[in-house]
Each structure stands twice: as C-alpha cells, then as structure tokens.
Amino acid sequence: MTWSLDTRIPVVLLPDAAALPPALAAHPGAAVMLPDPMPVPAEAGAGANFLPEAHVVGCTCCGGRLPAAVALDRLFLDRVRGHAPFFRCVLAVDHAGQVARALASDPVVGARFRAA
C-alpha cells in the first residue's frame with residue numbers, strides 16, 4: 001500500500017470573475033486571488049491582488065518572479081503570521097494563466113501550493 005500525504009494548500013483556478021461566487025459558496029472561508037484592480041469580496045477569508053502580465057519575467061522590479069507567485073507568497077505568510085484568517089484553499093481568477101505558470105515554475109510556490 002502506498003501512502004501519499006500532500007499538505008500543500010490547493011489552488012482552484014477559475015476562468016473568470018463570474019465563476020467566483022459559486023466557488024466561494026462551495027469553499028467557505030477560502031482565500032481569493034484576483035488580478036488587479038478587481039476588489040476582493042468581503043466573504044473571502046483572505047485576499048491578494050496580483051498584477052496582470054505587464055512586465056517581462058526577470059525584470060528588476062519584480063525580482064525575477066511572476067506577480068502571481070509574489071501574491072501567493074503574501075497569502076501564505078499572512079496565514080502563517082496570523083494576519084489573515086486561516087484558509088484551507090485559494091480561489092484564483094486566472095484568465096491569463098499566470099497563476100498556473102507560478103504553480104508550475106516557481107519552486108517556493110510549488111512547495112506551498114498545488115493545483116486542485
């Protein structure tokens with residue numbers, strides 16, 4: 001028998017903002033990640049905004065990381081430090097695929113989060 005215990009936080013990728021209300025109803029208290037300038041809904045457990053792809057990967061202002069990866073780091077650290085309510089999953093509006101790329105290519109994000 002093989003055991004597998006994946007303690008990473010699941011990230012549910014949503015195609016657009018219209019999918020957010022039903023996803024929040026299905027995952028109460030979930031954290032929400034939205035492209036800037038969309039406001040984070042009040043019913044979300046925690047929230048973070050990330051810039052859509054305005055910069056090239058590796059530019060000096062972003063430190064070589066995707067803005068979605070930086071936003072996921074902020075969510076994780078807020079949860080760990082107690083600055084945000086505890087959440088069991090993240091709902092991410094990812095119409096440009098940036099969050100999916102951060103999950104696949106950023107080693108820190110991949111150690112903390114997984115695609116659901």
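Residues numbered from 1 in each chain as written. Predicted model: local features only at pLDDT ≥ 70, side-chain atom pairs only at ≥ 80, totals over all residues. Heavy atoms only, no water.

A. Focus on the overall build of the protein chain. Scanning the protein chain for helices and strands turns up four helices and five strands. Counted from the first residue to the last, the protein chain has its helices and strands arranged as β-α-β-β-α-β-α-α-β. Within the protein chain, counting contacts between residues at least 6 apart in sequence, those at least 24 apart form 62% of the total. Summed over its atoms, the accessible surface of the protein chain is roughly 6500 Å², and 61% of this surface lies on carbon and sulfur atoms. (Helix = DSSP H or I, 4+ residues; strand = E, 2+ residues; numbered from the N terminus. Contact = heavy atoms within 4.5 Å. Areas by Shrake-Rupley, 256 points an atom, 1.4 Å probe, with all protein chains shown as cover.)

B. Just the pairing of strand β1 (residues 9–14), in detail. Pairing geometry for β1 and strand β5 (residues 113–115), over three bridges, is parallel. From the neighbouring strand, I9 faces β5, where its bridge partner is F113. Note: β1 against strand β4 (residues 90–93), four bridges, orientation parallel. Paired with L13 across the bridge in β4 is A92. (Pairing = 2+ DSSP bridges.)

C. Examining the side chain of D94 more closely. On the secondary structure map, D94 appears in the loop between β4 and α3 (98–105). Although D94 is buried, it forms no salt bridge, and the closest oppositely charged side chain is R101 at an N-O distance of 6.7 Å. In contact with D94, other than residues within four places in its own chain, are L13, L14, V99 and A100. (Buried < 20%, exposed > 50% of the residue type's maximum accessible area, 1.4 Å probe, protein only. Lys, Arg positive; Asp, Glu negative; His and termini not counted. Salt bridge = Lys/Arg side-chain N within 4 Å of Asp/Glu carboxyl O.)

D. How the structure looks around the pattern of salt bridges. Applying the stated criterion to the full structure yields five salt bridges. Notably, a salt bridge pairs D6 with R8, separated by 2.9 Å at the nearest N-O pair. Look at R8 and you get partly exposed, because its relative accessible area is 30%. With a closest N to O distance of 2.4 Å, R65 and D73 form a salt bridge. Take D73: its relative accessible area is 10%, and that puts it in the buried class.

E. Looking closely at α3. Burial in α3 covers these residues: Q98, V99, A102 and L103. In an axial view of α3, the angular spread of the buried residues amounts to 140°, which keeps them on one side of the axis. In this structure, α3 carries A104 and S105 as exposed residues pointing more than 90 degrees from its buried face. (Arc of directions from axis to C-beta.)

F. A look at the packing of aromatic side chains. According to the stated counting rule, one finds one aromatic pair in the structure shown. With a centroid separation of 6.2 Å and an interplanar angle of 75°, the aromatic rings of F76 and F113 are classed as edge-to-face. Here F113 lies in strand β5 and F76 lies in helix α2 (residues 67–81), a separation of 37 residues in the sequence. Accessibility classification places F76 together with F113 in one group, the buried group. A cation over an aromatic ring shows up here: R79 above the ring of F87, its NZ or CZ 5.4 Å from the ring centre. (Phe/Tyr/Trp six-rings, centres within 6.5 Å; stacked < 30°, edge-to-face > 60°. Lys NZ or Arg CZ within 6 Å of the ring centre and 35° of its normal.)

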